[in-house]
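A structural walkthrough
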Amino acid sequence: MTDAPATAQTPRSADPAEPTEPVEHLDVLIVGAGISGIGAGRHLVADRPGTSFAIFEGREVSGGTWDLFRYPGIRSDSDLYTFGYEFRPWRDSQAIASADKILDYLRETAAECGVEEHIRYSHRVLSAAWSSEQACWTVQVQRADTGERFAVTAGWIFGATGYYDYDEGYTPHFEGRDRFGGQIIHPQHWPEDLDVTGKRVVVIGSGATAVTLVPALADAGAELVTMLQRTPTYVMPVPGEDKLVKTLVRVLGEERGFAAARTKYIWQQRLVYQFAQRFPKAARGIIRRVNERALPEGFDVDTHFNPPYGPWDQRLCAVPDGDLFRAIRNGRADVATARIRTFTEAGVELEDGQVLEADIIVTATGLNLKLFGGIEVRVDGETMHAPDHVAYKGMMLSGVPNFAFAVGYTNSSWTLKVGLLCEHFTRLLAYMETHGYDACVPVAPAMETRPLLDFAAGYVQRALDDLPRQGEGAPWAMSMSYLDDVRLVRGGPVVDDALQFSRAVDRERVSA
């Protein structure tokens, strides 16, 4: 690794179509300055001093999801004691936090941990080409603010882009959409000046975005907010503040108290998930009883809050202090479960003939997946076709050297897994430096593969054919268990028989 710090460079070409010679070399190039990228940067600062790295962020600010989405009420759908970083505990009393608090937390972390100085804003990574002869990546970058293009080389790329398409959300075809006389809004592109006071709003969807929007719009003064869903989702009220955490902090002190809170939530998430998977009928019954008590007497719970699938086959939606149910009890919100026949001039007509009148329709219909932020990846001149590759430890791809990525859990907090991957990544860099290796590539054996994510959510199912695959068993299975990953990723060896290392000087290839 080089000791020279990463420094900003002046782009060499004003023509976006003109490739340029590299102007700088980095040991590690991190793509994305959201929760994963900031976490990866901190681990490099703390664990790999002397490693030159930069975080290229295509937007003009950090924060990723938590800055991009601006719809009313946006909040986490995981507790912040586990969604926050292990190295910098979440210290707010709110377990489920609003986006503005999360954004402050991320930016404070970047500043305090020495990461902010490594972030280069308005730097959009277009493509990355690996050369085995040179044992490095050549990365084409475009300035989002000026359109200028330049290139850098990097020993490693760490993709911290998440897996959503941040340019465009998912909206299915709605018959008669052009007939509607009011506003149609996707939450990913929320107008800052939208006033819902006295308006009738139909929110199409039943996921985390919809159950967040409905009570927020009701509190903002909407006359009536109707959540229109084709299929119900499991929804559970949770306390906005955890009194036990306050007690732990008071008795144990801040450092040990928040560490204990994190441990409590890790085990709580795991036990709830395991119980729901092992005893789905019992879990369904518990959720139904909780919902029934929270809703008005006589409300049709089985139609609107009893999904046809088992608990945690899709992500369960948590509503802090039961705000969605409170809005329904107060008569400011309602739920309709039916298929849409057509939009009309005045609203939405359902297949049963019912018409939901609306001034505003919100299409909270989900997101699109985009692998590695849409970066074109080539290895020795061959364009990477993701489905031809198998994930290794959930952080690298077979046949792709010196390329790591961060994908979190679907059944618990995203950051729990990303933190473990970042630790493992820095350990791998240390191993390579110690042994003089320049390149590292997972080599997959012949084996049966299956989809990367075993998750029934629509946004995942729509994209499975475009994603890498996973194998059976470690290190090729995409683990969704934090406790298993602690043993494999944190406690296990950094190298194994699946990894192949080489040196740029003599190209000698050796197995671990």
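Owing to the predicted nature of the structure, the values given are computational and were not obtained by experimental measurement.

**Some remarks on the confidence of the model for the protein chain**
Put simply, the protein chain has an average pLDDT of 90, and 94% of its residues get 70 or more. Segment residues 1-18 is flagged for pLDDT under 50; beyond a separation of four residues in sequence, or across chains, it makes 44 contacts in the model.

**Here we look at the pattern of salt bridges**
Tallying each qualifying case throughout the model produces 28 salt bridges. Residues Lys264 and Asp242 are paired through a salt bridge, measuring 2.4 Å at the closest nitrogen-oxygen approach. Highlighted residues: Lys264 in helix α7 (residues 254-278) and Asp242 in the loop between β11 (235-238) and α6 (243-252), separated in sequence by 22 residues. A relative accessible area of 24% places Lys264 in the partly exposed class.

**Some words on the packing of α6 against α7**
Close contact between α6 and α7 brings their axes to 7 Å; oriented N to C, the two are set at 145 degrees. For the pair α6 and α7, the crossing hand works out as right-handed. Contacts between α6 and α7 involve Leu244, Val245, Leu248, Val249 and Leu252 from the former and Glu254, Arg256, Gly257, Phe258, Ala260, Ala261, Lys264 and Tyr265 from the latter. Looking at side-chain class alone, the contact of α6 with α7 contains nine nonpolar, one polar and three charged residues.

**Brief notes about the side chain of Arg143**
The topology assignment puts Arg143 in strand β5 (residues 136-143). Of the polar contacts made by the side chain of Arg143, one reaches the side chain of Asp145; its length is 2.6 Å.

**A short note on the layout of surface pockets**
Approximately 690 Å³ is the volume found for the second largest pocket. Lining the second largest pocket are 29 residues, and of these Val238, Gln268, Val272, Leu316 and Ala318 lie nearest its centre. Elements that contribute at least two residues to the lining of the second largest pocket include exactly β11, α7 and α8 (280-294). Sorting elements by how many residues they give to the lining of the second largest pocket places α7 first, with nine residues. Looking at the lining of the second largest pocket, its residues break down into 18 nonpolar, six polar and five charged.

Rules and cut-offs
Residues numbered from 1 in each chain as written. Predicted model: local features only at pLDDT ≥ 70, side-chain atom pairs only at ≥ 80, totals over all residues. Heavy atoms only, no water. pLDDT = per-residue confidence, 0-100. Contact = heavy atoms within 4.5 Å. Salt bridge = Lys/Arg side-chain N within 4 Å of Asp/Glu carboxyl O. Helix = DSSP H or I, 4+ residues; strand = E, 2+ residues; numbered from the N terminus. Buried < 20%, exposed > 50% of the residue type's maximum accessible area, 1.4 Å probe, protein only. Axes fitted to C-alpha atoms, helices over the stretch in contact; angles between N-to-C directions. Left-handed = near helix turned anticlockwise from the far one by under 90°. Nonpolar A, V, L, I, M, F, W, Y, C, P; charged D, E, K, R; others polar. Polar contact = N/O pair within 3.5 Å; in protein donor to acceptor, adjacent residues only side chain to side chain. 1 Å grid on protein atoms, 1.4 Å probe; cavity = no way out; pocket = protein on both sides within 12 Å on 5 of 7 lines; lining within 4 Å. Points joined across faces, edges and corners; volume = space filled by probe spheres on them.

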